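What follows is the residue order along each chain.
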Amino acid sequence: ARTPPLCFRKMEEVKGEQDTTSLIQLKEKKDYSAEVEERLPQARSLAENGQLKDAIESLMGLEKACRLGNDNLSLKKLVLAMLDMCKSAGDWDTLNSTILVISKRR
């Protein structure tokens, strides 16, 4: 009988076969909340002054850092702020392109 892949087996069955710590890798979470709190008002100010695309671009690098650093709370706050800025400006093309870019990254 063929053994099922490790993802379908209980940890008790896997113990003793090989080192299970190499199978389970937990990502370390980094905290970007301070940087998000610093940059969001700046980006909102840019968006209110008619520079929506510059505001979105200024947050995209931080979005990537939050995503790769596994800081989901800050990531959610950033993404919602970007989409809210697009909605408030009434720029539906930028809203659609921002959603497209973010969804492809995730």
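Owing to the predicted nature of the structure, the values given are computational and were not obtained by experimental measurement.

> I'd love a proper account of the overall build of the protein chain, names of residues and values included.
For the protein chain, the count of helices and strands is five helices and zero strands. For the protein chain, the N- to C-terminal ordering of α and β elements is α-α-α-α-α. Looking at the 106 residues of the protein chain, the share that counts as buried comes to 29%. A separation threshold of at least 6 residues defines the contact pool for the protein chain, and within that pool the share at least 24 residues apart is 56%. Accessible surface for the protein chain amounts to roughly 7,700 Å². Of this, 51% is attributable to carbon and sulfur atoms.

> Account for the side chain of Glu-63, with residues named and values stated.
Checked against the element boundaries, Glu-63 lands in helix 3 (residues 52–68). When near neighbours in sequence (up to four residues on either side) are disregarded, Glu-63 contacts Leu-75, Leu-78, Val-79, Met-82 and Arg-105.

> Explain the confidence of the model for the protein chain to me, using residue names and the numbers behind them.
Mean pLDDT over the protein chain: 83, with 75% of residues reaching 70 or higher. Between the elements of the protein chain, mean pLDDT differs from a low of 52, seen in helix 1 (residues 11–14), to a high of 95, seen in helix 2 (residues 33–48). Note on residues 19–25: pLDDT under 50 across the span, and six contacts to partners over four residues away in sequence or across chains.

What counts and how
- Residues numbered from 1 in each chain as written.
- Predicted model: local features only at pLDDT ≥ 70, side-chain atom pairs only at ≥ 80, totals over all residues.
- Heavy atoms only, no water.
- Helix = DSSP H or I, 4+ residues; strand = E, 2+ residues; numbered from the N terminus.
- Buried < 20%, exposed > 50% of the residue type's maximum accessible area, 1.4 Å probe, protein only.
- Contact = heavy atoms within 4.5 Å.
- Areas by Shrake-Rupley, 256 points an atom, 1.4 Å probe, with all protein chains shown as cover.
- pLDDT = per-residue confidence, 0-100.

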